[in-house]
Amino acid sequence: MAASSQQLSHLLVFFLLVLSCLVGAATAGSTMQCHEDDEAALLAINEALGSPYHFASWTPDTFCCDWYDVDCDNATGRVVGLSVLGDGNVTAASIPGDAIANLTSLKTLVMHRLPGLTGVIPESLSQLTSLTNLTISYTGVSGGIPAFLSQLTELALLDLSFNSLTGAIPAELADLPALATIDLSRNRLEGPIPSLLLSKYAGEDSVSLSLSHNNLSGGVPSGFAAVNLTHLDLSRNSLAGDPSAAVFGKGKPLLHLDLSRNDFRFSLTAVEVPEGVTYLDLSHNAIRGRVPAQVADLAGLTQFNVSYNKLCGVIPTGGVMAKFDAYSYQHNKCLCGTPLPACHRYML
């Protein structure tokens with residue numbers, strides 16, 4: 001009987017240990033209570049945006065770290081991410097800058113596909129000194145790109161694409177040392193590309209710049225020659241001049257290059273295309289010379305377009321050239337050879 005009591009005692013201890021572990025695990029797995037200031041800020045954002053259905057989970061009887069679109073730091077419980085995506089119920093609202101600025105630990109702010117979001121980018125966002133990702137895209141936001149964004153010294157990604165922004169790209173953006181990805185495409189921007197843009201980036205991440213579908217003018221900054229760009233899209237602007245020294249070079253890490261629909265004027269003959277490039281669109285410019293034979297050796301090239309230029313001579317053959325049909329070469333001065341008609345003597 002004594003042995004039986006001892007066994008029961010051991011079983012009881014074992015049961016209590018297991019129960020304790022289960023309770024501990026459940027506690028660890030549950031969401032921590034978020035900071036009261038962050039909760040108040042989020043509720044103010046909800047109210048300012050008209051309490052859209054997207055925020056249906058944002059109720060005071062639940063921890064705000066459980067709320068949809070909200071990310072919290074596991075150690076501090078502070079809100080570090082807010083992503084408001086694709087809610088057509090946000091109508092006639094401006095960015096609630098003062099409320100967002102009260103999320104003092106915020107690192108990521110994404111407001112994407114909110115066509116009812118209007119007004120300008122509020123200056124209060126400059127208080128978010130920990131911000132690394134600022135995305136305001138596919139909205140009705142207008143006005144200029146504010147120079148005060150240069151105060152966000154931790155910013156690594158800036159996406160202001162598909163809005164109604166006007167004016168010039170502020171030169172102050174060049175002061176951001178961590179900024180490696182910029183997308184300002186599909187706006188109404190004018191003026192030149194800042195000469196020092198991306199020049200102070202000293203990180204190891206790939207560098208991406210998208211400025212397509214604006215009305216930018218002037219040339220491509222010569223300083224781009226020293227920037228390790230992997231993605232560069234300057235298409236559909238009013239840019240001019242000779243960008244070849246700034247963007248081309250056999251050893252550059254460039255993978256995607258789109259210079260189409262501008263007024264660039266240079267000879268393609270001696271250009272050395274980056275060896276790893278997969279997308280190359282130079283169409284609708286005033287480029288002269290020949291298609292370099294090196295293009296045939298670009299094993300990863302999947303998109304190639306030099307149509308609507310002033311190119312002449314025989315199109316290279318072999319390698320990857322069989323991938324590209326006549327569309328890639330149409331409307332040039334005197335290009336010839338497969339896939340275009342055969343060359344005549346005057347074309348050589």
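Residues numbered from 1 in each chain as written. Predicted model: local features only at pLDDT ≥ 70, side-chain atom pairs only at ≥ 80, totals over all residues. Heavy atoms only, no water.

Q: Lay out the environment of P316 in plain terms, naming residues and giving numbers.
A: Its location among the elements puts P316 in the loop between β21 (310-314) and β22 (334-336). For the pair P316 and Q294, spaced 22 residues apart in sequence, the C-alpha to C-alpha distance is 8.4 Å. Not counting residues within four places of it along the chain, the set of residues in contact with P316 comprises V291, P292, A293 and M321. (Helix = DSSP H or I, 4+ residues; strand = E, 2+ residues; numbered from the N terminus. Contact = heavy atoms within 4.5 Å.)

Q: Please give an account of the sheet that holds strand β14 (residues 229-233) that cites residues and values.
A: Spatially, the 11 strands line up as an open sheet ordered β1-β2-β4-β6-β8-β10-β12-β14-β16-β18-β20, and their pairing is mixed. One side of each edge strand has no neighbouring strand; the edge strands of this open sheet are β1 (70-72) and β20 (303-305). When the angles between neighbouring strand axes are averaged without regard to direction, this sheet yields 10 degrees. Both β1 and strand β2 (residues 79-85) contribute to a ladder of 3 bridges, which runs antiparallel. Across the sheet, D71 pairs through a bridge with G81, a residue of β2. (Pairing = 2+ DSSP bridges. Axes fitted to C-alpha atoms, helices over the stretch in contact; angles between N-to-C directions.)

Q: Go over the sheet that holds strand β7 (residues 142-144) with me, naming the residues and quoting the values.
A: The parallel open sheet is built from 6 strands, whose spatial order is β7-β9-β11-β13-β15-β17. Unpaired on one side and paired on the other, β7 and β17 (263-264) mark the two borders of the sheet. Note: strand β11 (residues 188-191) against strand β13 (residues 215-218), 2 bridges, orientation parallel. Directly across from G191, in β13, lies its bridge partner L216.

Q: So what's going on with the pattern of salt bridges? Which residues, and what values?
A: In total, this model carries 3 salt bridges according to the counting rule given. A salt bridge links D38 to R78; its shortest N-O distance comes to 2.9 Å. With a gap of 40 residues between them, D38 in helix α2 (residues 36-48) and R78 in the loop between β1 and β2 connect regions that are remote in the sequence. One exposure class covers both D38 and R78, and it is buried. The salt bridge partner of D175 is K200, with a shortest N-O separation of 3.3 Å. Taken together, the positions of D175 in the loop between β9 (164-167) and β10 (181-183) and K200 in the loop between β11 and β12 (207-210) put the pair 25 residues apart, joining distant regions of the chain. Residue class for D175 comes out partly exposed when judged on its relative accessible area of 41%. Note on K200: relative accessible area 43%, which makes it partly exposed. (Salt bridge = Lys/Arg side-chain N within 4 Å of Asp/Glu carboxyl O. Buried < 20%, exposed > 50% of the residue type's maximum accessible area, 1.4 Å probe, protein only.)

Q: Quick one: what's the story with empty space enclosed by the protein, residue by residue and with numbers?
A: Within this structure, the stated rule accounts for 1 cavity of 30 Å³ or more. One number sums up the size of the largest cavity: a volume of about 50 Å³. Lining the largest cavity are F224, V227, N228, L229, L232, A246, V247, K252, P253 and L254. Those elements giving two or more residues to the lining of the largest cavity turn out to be β14 and α4 (244-247). When its residues are assigned to classes, the lining of the largest cavity shows 8 nonpolar, 1 polar and 1 charged. (1 Å grid on protein atoms, 1.4 Å probe; cavity = no way out; pocket = protein on both sides within 12 Å on 5 of 7 lines; lining within 4 Å. Points joined across faces, edges and corners; volume = space filled by probe spheres on them. Nonpolar A, V, L, I, M, F, W, Y, C, P; charged D, E, K, R; others polar.)

Q: Describe the state of the cysteines, with residues and values.
A: Each disulfide consists of one covalent bond between the sulfur atoms belonging to two cysteines. A full pass over the atoms with the stated rule returns 4 disulfides. A sulfur-sulfur separation of 2.1 Å characterises the disulfide bridge that pairs C65 with C72. Taking the sign of the torsion about the S-S bond as the criterion, the disulfide between C65 and C72, at about -95 degrees, is left-handed. By relative accessible area, C65 is classed as buried at 12%. Shown here is the disulfide that connects C336 with C343, its sulfur atoms set 1.9 Å apart. (Disulfide = S-S within 2.5 Å.)

Q: How would you sum up the packing of aromatic side chains? Please name residues and give values.
A: For the structure on display, the rule yields 6 aromatic pairs. Each ring, one from F55 and one from W58, has its centre 3.9 Å from the other, and the planes form 10 degrees; the classification is stacked. For F55, a relative accessible area of 2% corresponds to the buried category. We classify W58 as buried; its relative accessible area is 3%. On the basis of an interplanar angle of 5 degrees and a centroid distance of 4.1 Å, the ring pair of Y138 and F162 is categorised as stacked. Remark: F162 occurs in the loop between β8 (157-159) and β9 and Y138 occurs in strand β6 (residues 133-139); sequence separation between them is 24 residues. (Phe/Tyr/Trp six-rings, centres within 6.5 Å; stacked < 30°, edge-to-face > 60°.)

Q: So what about the nonpolar core? Which residues, and what values?
A: Ranked by internal contacts, the top residues of the largest apolar core, which has 94 residues, are L42, L82 and F304. Residue contacts for L82: discarding those within four places in its chain leaves L42, I45, W58, D69, V70, L103, L106, T108, L109 and V110. (Core = buried A, V, L, I, M, F, W, Y, C linked by side-chain atoms within 4.5 Å.)

Q: Describe the pairing of strand β4 (residues 108-114), listing the residues and the values that go with them.
A: Relative to β4, β2 runs parallel, the two sharing 5 bridges. Bridge assignment links V84 to a residue of β4, and that residue is M111. Strand direction decides the pairing type here: β4 and β6, joined by 6 bridges, are parallel. Across the sheet, residue T108 finds its bridge partner in β6, namely N133.

Q: Run through the side chain of N214, naming residues and quoting values.
A: Mapped onto the elements, N214 comes out in the loop between β12 and β13. For N214, a relative accessible area of 10% corresponds to the buried category. From its side chain, N214 meets the backbone nitrogen of N187 in a polar contact 3.3 Å long. Residues within four places of N214 in sequence aside, it is in contact with L184, S185, R186, N187, R188, L189, R236 and N237. (Polar contact = N/O pair within 3.5 Å; in protein donor to acceptor, adjacent residues only side chain to side chain.)

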